[in-house]
Amino acid sequence: MDASLVLDIAMLFIMFTNVLVCPYTKVEESFNLQATHDVLYHGLNISLYDHIQFPGVVPRTFIGPLVIAILSSPLVAILNLTKVEKIYAQIIVRMVLGVCSLVTFRLFRQGVRQTFGPTVANCLSIITMTQFHLIFYMSRPLPNIFALILALLSFYFWLSGKLPAFVWCSGYSIIIFRAELALLMGLIILYELYHKRISFHTALVHTIGAGASSLGLTIMIDSYFWQRWCWPEAEVFWFNTVLNKSSNWGTSPFLWYFYSALPRGLSLFTPFLIAYGLKLDKRTRVIFSISMTFVFLFSFLPHKELRFIFYVIPLLNAVASVGLNSIYHNISKWKFEIQSLFLVLTVGGLLSNVMLSNILLYISTLNYPGGLAFARLHSHVANSSTSVSVHICNLAAQTGVSRFGELRNDWSYLKTEKIEGNFEELQKYSHLLVEAPCTIFENTHRIVEEINGYGGISLKTHDIFPFFSWIIVRPKLCVLERL
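Residues numbered from 1 in each chain as written. Predicted model: local features only at pLDDT ≥ 70, side-chain atom pairs only at ≥ 80, totals over all residues. Heavy atoms only, no water.

Draft legend 1. Focus on the state of the cysteines. For the coordinates displayed, the defined rule picks out one disulfide. There is a disulfide in this structure between C438 and C478, and the S-S distance comes to 1.9 Å. Here C438 and C478 share a disulfide; its torsion about the S-S bond, 95°, makes the bridge right-handed. Here C438, found in the loop between β3 (431–435) and β4 (445–457), pairs with C478, found in strand β5 (residues 471–482); they are 40 residues apart in sequence, far enough to count as distant. Accessibility classification places C438 together with C478 in one group, the buried group. C393 carries a free sulfur, and the closest cysteine sulfur to it, the one in C438, is 8.7 Å from it. (Disulfide = S-S within 2.5 Å. Helix = DSSP H or I, 4+ residues; strand = E, 2+ residues; numbered from the N terminus. Buried < 20%, exposed > 50% of the residue type's maximum accessible area, 1.4 Å probe, protein only.)

Structure (structure tokens):
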């Protein structure tokens, strides 16, 4: 079997494993997940859509959820016919998104293959599989992941020398999904213009065509779903960047991406391979320089998250794969002492990446107490013959509760905020999902189950293999039933 096919299967297995181990989602993924659910289950009945009741701070595009819903619909229809619980449709939706991400990653790898050779392309897959964040997030319905799918396709066109296609794909990713990609794609096209691989006239014509068609598409589709004239990404850009309102969700130091986000996204050993790749091949310096310039420019925005710069991780991994490929091909030519040193460092470094990935995956299973609490609630009250009304607190809604988890059509699920102190109002609910500690509700409801979640890391341990015992677990949510 071809090595690249084996690596594709391995990456698919890792992605599927991540989905099954962590099937729930967080608040950043909420809109796209709920929108996908509504397209699948409500069709053209917009009045039943989640965003009508909970529109959020800014509108988001429906194009990504619409595509994923269409691709998922045959499998979801089979689930509906066999009366399988709806939560499994969420797993299908996430797996379909993950497959779309891996398909464009495979195309990106083909671009790397055309530029640097087949073994470098295989090294790219190996490095990516040892890391945690990229594959873990490929199946998560974040706006950045929909943008990443088109970004990977754009990188493939760039590395393959198909610059008009690069302009079109970049335009769609910028206009529809994430405006910040204009910085990264703009740097690439400026580089190509400088080296005269594309003329200014050609670039301008294709930019206008891509911009006009993608703008028309997003306005037409999103205005229908939002029931008003709407260009979602423009409103997002205005809110986050021009008004700088994203700072309301926290700010980080200017260099945070460099000393925190990128080291975590690349894992422990990859930066050393990047440095080695830069030394060996000057073509990697172009990719590295463009990536770092993008991160530097994006650092001026005070609110920072790793997902905002996901697009450079595949590019930096391509640089690292040049270094790993050189070690693979040349290690037999070196003296025994140097050969042994590089072998130990390389194998040990990649294994350290894998070990860190497993630790982070375990921690991630603890980051979705809302989804687990929702599932446990349905398990406890599965055979209830009385009317069930559930109050869902803010933490539960942010850490895993979704419409895919609403398994009973005869129950009422309410996410009314700021009523935790109103005991008269709370008595109207037969069940509560509320933040721990839950003793303040003992006069009206009893605790059915406490749900634990990630509580930090402590290095105070006497275990021989302490990695997982460092992780602290604390009660995060309670499932309560009315007395």
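Draft legend 2. Geometry of the sheet that holds β3. Strand order in the open sheet made by the five strands is β2-β1-β3-β5-β4, with mixed pairing throughout. Every interior strand has two partners, whereas the edge strands, β2 (412–414) and β4, have only one. Averaged over all adjacent pairs, the angle separating strand axes in this sheet is 20°, with direction ignored. Note that strand β1 (residues 389–392) and β2 share three bridges and pair parallel. The residue bridging V390 from the neighbouring strand is Y413, located in β2. (Pairing = 2+ DSSP bridges. Axes fitted to C-alpha atoms, helices over the stretch in contact; angles between N-to-C directions.)

Draft legend 3. Region of the structure containing the nonpolar core. In terms of nonpolar packing, the biggest core is built from 111 residues, with F108, F155, W158, I309 and Y311 touching the most fellow members. If we skip the residues at most four places from it in the chain, F108 touches L124, L152, F155, Y156, L159, P314, L315 and A318. In terms of nonpolar packing, the next biggest core, distinct from the first, is built from 16 residues, L377, V388, A396 and V479 among them. (Core = buried A, V, L, I, M, F, W, Y, C linked by side-chain atoms within 4.5 Å. Contact = heavy atoms within 4.5 Å.)

Draft legend 4. Quick look at the environment of W229. Mapped onto the secondary structure, W229 falls in the loop between α11 (200–226) and α12 (232–242). For W229, a relative accessible area of 73% translates into the label exposed. Linking W229 and A121, residues 108 residues apart in sequence, is a C-alpha distance of 44 Å.

Draft legend 5. Seen up close, the packing of helix α14 (residues 270–280) against helix α15 (residues 282–298). In contact at an axis separation of 6 Å, α14 and α15 are set at 130° when each is read in the N-to-C sense. Classified by the interaxial angle, the pair formed by α14 and α15 is oblique. Two secondary-structure elements touch here, α14 through I274, G277, L278, K279 and L280 and α15 through K282, T284, R285 and F288. (Parallel < 35°, antiparallel > 145°, perpendicular 65-115°, else oblique.)

Draft legend 6. Fine view of a nonpolar patch on the surface. Residues L183, F296, L297 and F300 make up a contiguous nonpolar surface patch of about 360 Å² in total accessible area. Locating L297 in the fold gives a position in helix α15. Of the residues examined, L297 reaches a relative accessible area of 34% and is grouped as partly exposed. (Patch = residues over 30% accessible without salt bridge, like charges linked within 9 Å, V, L, I, M, F, W, Y side chains within 5 Å. Areas by Shrake-Rupley, 256 points an atom, 1.4 Å probe, with all protein chains shown as cover. Salt bridge = Lys/Arg side-chain N within 4 Å of Asp/Glu carboxyl O.)

Draft legend 7. Focus on helix α13 (residues 256–266). Looking only at α13, the buried set comprises W256, Y257, S260, A261, L262, G265 and L266. Positive backbone phi, at 75°, marks S267, one or two positions downstream of α13.

Draft legend 8. Molecular detail of helix α16 (residues 312–330). Its 19 residues place the ends of α16 28 Å apart at the C-alpha level, agreeing with the 27 Å of an ideal helix rising 1.5 Å per residue. Burial analysis of α16 places 16 of its 19 residues in the buried class, the great majority of the element. (Expected span 1.5 Å × (residues − 1).)

Draft legend 9. Region of interest: empty space enclosed by the protein. Tallied over the full model, the rule gives three cavities of 30 Å³ or more. The volume enclosed by the largest cavity comes to roughly 70 Å³. Taken together, N32, R60, T61, P143, F146, I176, F177, P232, E233 and V236 form the lining of the largest cavity. Secondary structure elements with two or more residues in the lining of the largest cavity: α8 (143–159), α9 (163–177) and α12. No other element matches the three residues that α12 contributes to the lining of the largest cavity. Considered class by class, the residues forming the lining of the largest cavity number six nonpolar, two polar and two charged. Counted as a void, the second largest cavity has a volume near 40 Å³. (1 Å grid on protein atoms, 1.4 Å probe; cavity = no way out; pocket = protein on both sides within 12 Å on 5 of 7 lines; lining within 4 Å. Points joined across faces, edges and corners; volume = space filled by probe spheres on them. Nonpolar A, V, L, I, M, F, W, Y, C, P; charged D, E, K, R; others polar.)

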